[in-house]
Amino acid sequence: MMANKSDYFGLSWLVSLILAIIPITSLICGVVTRITEGKIVAGILRLLLGWNIIWILDIIFMATSHRIMRLLNI
């Protein structure tokens, strides 16, 4: 059975959830993910705002939808 892929570099959603729970890896993986998607402004906002509500929302979104929260699509 194939594992579901999620946002963090195509890793399984369980590994991505573990990475999302750890604050520093969540910040780094979130910024890198958004920048690799071509969303530079969203990556910069994650870098500046990633230590608070966005981190908690990322954990919730990763547990429920297997994707990180998308604040901006620009």
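Let me begin by describing the structure that accompanies this report. Computed from a predicted structure; not experimentally measured.

**Focus on the packing of helix α1 (residues 13–21) against helix α2 (residues 23–36)**
Phase 1 of the analysis: At a minimum axis distance of 5 Å, the contact between α1 and α2 shows a crossing angle of 115 degrees. Considering their axes alone, α1 and α2 lie roughly perpendicular with respect to each other. Every residue of α2 that contacts α1 at Leu19, Ala20 and Ile21 is listed here: Pro23, Thr25, Ser26 and Cys29.
Phase 2 of the analysis: Across the contact of α1 with α2, the residue classes tally to five nonpolar, two polar and no charged.

**Looking at the nonpolar core**
Generally speaking, a soluble globular protein has its nonpolar side chains buried in company with each other.
Phase 1 of the analysis: Grouped together as the largest cluster of nonpolar side chains are seven residues: Tyr8, Leu17, Leu19, Ala20, Cys29, Met62 and Ile68.
Phase 2 of the analysis: In terms of residue count, α1 provides more of this core than any other element does, three residues in total.
Phase 3 of the analysis: Those residues in contact with Tyr8 that lie beyond four places of it in its chain are Ser16, Leu19, Ala20, Ser26, Cys29, Gly30, Thr33, Asp58, Met62 and Ile68.

**Describing unusual backbone geometry**
Phase 1 of the analysis: Within the chain, Phe9 stands out as a residue other than glycine whose phi angle is a positive 60 degrees.
Phase 2 of the analysis: With respect to the helices, strands and loops of the structure, Phe9 is situated in the segment before α1.
Phase 3 of the analysis: Phi angles above zero are rare outside glycine, and His66 is one such case at about 65 degrees.

**What about α1?**
Phase 1 of the analysis: What α1 keeps buried is the set Ser16, Leu17, Leu19 and Ala20. Across the axial projection of α1, the buried residues extend over an arc of 165 degrees, all falling on one side.
Phase 2 of the analysis: In this structure, the buried residues of α1 make contact with α2 and α4 (53–64).

**What to know about the environment of Arg46**
Phase 1 of the analysis: For Arg46, the location among the structural elements is in helix α3 (residues 40–49).
Phase 2 of the analysis: Arg46 sits in the buried class, given a relative accessible area of 6%.
Phase 3 of the analysis: Separated by 21 residues in the primary sequence, Arg46 and Thr25 place their C-alpha atoms 12 Å from one another.
Phase 4 of the analysis: Leave out the neighbours within four places in its chain, and Arg46 touches Leu27, Gly30, Val31, Arg34, Ile54, Asp58, Ile68 and Met69.

Cut-offs applied
Residues numbered from 1 in each chain as written. Predicted model: local features only at pLDDT ≥ 70, side-chain atom pairs only at ≥ 80, totals over all residues. Heavy atoms only, no water. Axes fitted to C-alpha atoms, helices over the stretch in contact; angles between N-to-C directions. Helix = DSSP H or I, 4+ residues; strand = E, 2+ residues; numbered from the N terminus. Parallel < 35°, antiparallel > 145°, perpendicular 65-115°, else oblique. Contact = heavy atoms within 4.5 Å. Nonpolar A, V, L, I, M, F, W, Y, C, P; charged D, E, K, R; others polar. Core = buried A, V, L, I, M, F, W, Y, C linked by side-chain atoms within 4.5 Å. Buried < 20%, exposed > 50% of the residue type's maximum accessible area, 1.4 Å probe, protein only. Arc of directions from axis to C-beta.

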